[in-house]
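Notes for the structure review
Residues per chain are reported as follows:
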Amino acid sequence: MSSRKHRGAENIENLCPVSRKRSSSKNSAVGIGATTSKAAPSSSTASTSSSIYEYTSSPSVLTYEALEEMGIGMLDSEESSSSAMSAIALAVSATSDENSNETTPCATIAARMLHQHQQQSRLSLNSTGDHNNSTLVELCNEDSQEQRLLSLSQAKRTALANNESPAGSNSNSPSKRTRNPLATVTCNQQSEAPQQTLLPPPPQQPQQQTPLSLLPSTSKQALLRQQKKPTPVPRLVPTQNFFVYRTPAMSAHISSGINYFEQLSDEILLDIFRWLPKKALLRIATVCRRFNCCARDETLWTRLDLGLRTIRPSGLEHVVRRSIPVLRLAQADIQDPAFSYSPAAVDFHSRLQYLDLSLASISLISLQTLLTHCRQLKKLSLEHAELNDEICFEIAQNTSLETLNLSMASGLNASSVRLMMESLSKLNSLNISWTDLSADAVTALVTHVSPNIIRLNAAGCRRVLFDSHVLTLHKRCKQLLELDLSDCNSLTPAALATIMKFTSLEYLSVSRCYLIPATNFIELKNMSSLTYLDIFGMLSEAAMEVLEKQMPKIGINKFIHSSVGRPTVGTRRTSIWGIRTRD
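Here goes a summary of the coordinates provided. In this text the structure is predicted, and so the values were computed from the model without any measurement. (Residues numbered from 1 in each chain as written. Predicted model: local features only at pLDDT ≥ 70, side-chain atom pairs only at ≥ 80, totals over all residues. Heavy atoms only, no water.)

So, on to helix α11 (residues 266-273). Leu269, Leu270 and Phe273 are the residues of α11 that are buried. All buried residues of α11 project into a common sector of 100° when viewed along the axis, lining one side. (Buried < 20%, exposed > 50% of the residue type's maximum accessible area, 1.4 Å probe, protein only. Helix = DSSP H or I, 4+ residues; strand = E, 2+ residues; numbered from the N terminus. Arc of directions from axis to C-beta.)

In structure tokens:
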């Protein structure tokens, strides 16, 4: 049969595939192909077609049928011989990748395919009878290409065997069905991909052959990266004479043993130390005697914030000896004994002027000793503190006191209130709310309070503060700017009429004074100086709207808590009475 008829039969079989039979012998295809060369054309066609398809169905065996299913046609023409060789090589590599865990070696597959190709070539030569020299040259070229193909397949098999993982996995897993990109082998500077379209290679000029590189492309890139990496610089070994930077002058004065700090004046040292935090000052005081003396200087201890801290026994004594003008001890836990001596043994007075002990935990004896050191206080807060007559006496010794906050303090009586009010002549802001005062204490308060008072908070005097006390207060303190009489439920409309006589009053709070009718509050619109009015719990929402329309220039219920005498207002916790407590 001629080569044209042979190719026609193959095309017919490709278009109309017949049932495929299994063959018990692996070499049956060779025997059938050998006998078809002497048979008739019809029998030759049948035997040839049977020789093409009757092979074992093992997935390791790569036949012409498998190549045709892959879309690779085996052509006998001289132009397509090189493309056929490359197609077989790609098919061999793809088959070996997909069936990496099979026992059939790739070399057997390649040898069988080469043998089949030789048989087809010899059949075509025997049928045509053309034995000229050109055919022999073609066969020689094909043999050389087959040898080259065999070497390429052997190289691929070796590279794949090197890249194969040591632990075998299931061949049906998706990772086995997909070709690993690391298995791409670079041969003669050409990367082969299993899914590229097979086209006949263009004629190329003869080039000098380069040695095969069996390393994957990624390995070559890794080698290139390692070559480009800079060599690490060896680390310097620290020695006794190692310094980051040392000038000759520095080396000279180090070896000479001269202490240049001794050549600095105390003013320069103090200017350096004032940039250090308080903890650093305490540590630097242990360096030498001179540093200790400079670290204790009064100019470095102008303010200190120990709020929310726990002060150990005798710790407050060291703080007071620093003569700190601004000291914040709000919510501090001062452990006993705070001082190592009694109040009678106090031999010095501190420069403390602003002291905040709001909600602090301190004993009576420690508080008395602390106030014994203080004779220059200007603003003092003892909110929620426990007091006695001795402590009130020590408070009264601070004649320069301007602001006093005794809100929610306990232990006050008429004599102690009278003593403080008579002594504190410069007092202008007083908060004595919710101190559980008696009627006599309230009388002593309004009778002996300083005429310079401008802010007064006497809230919480239930059933002890009457209209007569308000009248006495008006006669003594006519310059009041803020007055808080909340929860003084014994007040009547007569007290409200007395309050309207204050010509400078800006803030008034009469919340929960239930004996005052709601209609009487409309009369407060005649006060030209009144700016804010708090009457919480007195009016309904409808009555509040009517009152707001009657007094459009007055802010009603703007402040829930009073700020009279309090060191901190709102969320500000780094200052007391507007003075910073932290550096």
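Our next topic: the pattern of salt bridges. By the definition in use, this model includes 12 salt bridges. Put simply, Arg290 and Asp266 hold a salt bridge, and the shortest N to O gap is 3.0 Å. Placement of Arg290 in helix α13 (residues 289-295) and of Asp266 in helix α11 is noted, with a sequence separation of 24 residues between them. Where Arg274 meets Asp271, a salt bridge forms, and the shortest distance between an N and an O atom there is 2.8 Å. (Salt bridge = Lys/Arg side-chain N within 4 Å of Asp/Glu carboxyl O.)

So, about the nonpolar core. Of all hydrophobic cores here, the largest spans 97 residues; its most connected members are Leu329, Leu355 and Ile535. Apart from residues lying up to four places away in sequence, Leu329 is in contact with Leu306, Gly307, Ile311, Leu316, Ile334, Leu355, Asp356, Leu357, Ser358 and Ala360. (Core = buried A, V, L, I, M, F, W, Y, C linked by side-chain atoms within 4.5 Å. Contact = heavy atoms within 4.5 Å.)

All right, on to the sheet that holds strand β7 (residues 354-356) then. Read across the open sheet, the 11 strands follow the order β3-β5-β7-β8-β9-β10-β11-β12-β13-β14-β15; overall the sheet is parallel. Edge strands, defined here as strands with exactly one partner in the open sheet, are β3 (303-305) and β15 (555-556). Sheet topology places strand β12 (residues 482-484) next to strand β13 (residues 507-509); three bridges connect them, and they run parallel. The partner of Glu482 across the bridge, within β13, is Tyr507. (Pairing = 2+ DSSP bridges.)

Let us look at the state of the cysteines. Scanning all chains against the criterion turns up zero disulfides. Cysteine Cys288 is unpaired, with the sulfur of Cys294 as its nearest cysteine sulfur at 8.1 Å. Among the cysteines around Cys294, which has no disulfide bond, Cys293 carries the closest sulfur, lying 5.6 Å off. Take Cys294: its relative accessible area is 6%, and that puts it in the buried class. (Disulfide = S-S within 2.5 Å.)

Attention now goes to the packing of aromatic side chains. If you walk through the whole model with that rule in mind, you get five aromatic pairs. Judged by centre distance (5.8 Å) and plane angle (80°), the ring pair of Phe261 and Phe291 falls under edge-to-face. Of the two residues, Phe261 sits in the loop between α10 (248-256) and α11 while Phe291 sits in helix α13, which places them 30 residues apart along the sequence. Summarising the aromatic geometry, the rings of Tyr532 and Phe559 are spaced 5.1 Å apart at their centres and angled 80° between planes, so their arrangement reads as edge-to-face. With Tyr532 in strand β14 (residues 532-534) and Phe559 in the loop between β15 and β16 (575-576), this residue pair connects regions lying 27 residues apart in the sequence. Residue Tyr532 is classed as partly exposed on the basis of its relative accessible area of 34%. (Phe/Tyr/Trp six-rings, centres within 6.5 Å; stacked < 30°, edge-to-face > 60°.)

It is worth spelling out the environment of Asn388 at this point. Position of Asn388 among the secondary structure elements: in the loop between β8 (379-381) and α16 (389-396). Asn388 gets classed as buried once you look at its relative accessible area, which sits at 19%. Separated by 23 residues in the primary sequence, Asn388 and Gly411 place their C-alpha atoms 5.4 Å from one another. Among all residues touching Asn388, those that are not within four sequence positions of it are Leu364 and Gly411. Within polar-contact distance, the side chain of Asn388 engages the backbone nitrogen of Ile391 at 2.9 Å. (Polar contact = N/O pair within 3.5 Å; in protein donor to acceptor, adjacent residues only side chain to side chain.)

Moving on to the packing of helix α15 (residues 364-372) against α16. Running from amino to carboxyl end, α15 crosses α16 at an angle of 15°, the nearest separation of the two axes being 9 Å. With respect to α16, the axis of α15 lies roughly parallel. As α15 runs across α16, the sense of the crossing is left-handed. Taking contact as the criterion, the partners of Leu364, Leu367, Gln368, Leu371 and Thr372 in α15 are, on α16, Glu390, Ile391, Glu394 and Ile395. In terms of residue class, the contact of α15 with α16 is built from five nonpolar, two polar and two charged. (Axes fitted to C-alpha atoms, helices over the stretch in contact; angles between N-to-C directions. Parallel < 35°, antiparallel > 145°, perpendicular 65-115°, else oblique. Left-handed = near helix turned anticlockwise from the far one by under 90°. Nonpolar A, V, L, I, M, F, W, Y, C, P; charged D, E, K, R; others polar.)

With that settled, consider the side chain of Ser358. Relative to the elements of secondary structure, Ser358 occurs in the loop between β7 and α15. A polar contact is formed between the side chain of Ser358 and the side chain of Asp356, at a distance of 2.7 Å. If we ignore the near neighbours within four places in the chain, the residues touching Ser358 are Leu329, Ala330, Gln331, Ser381, Glu383 and Pro567.

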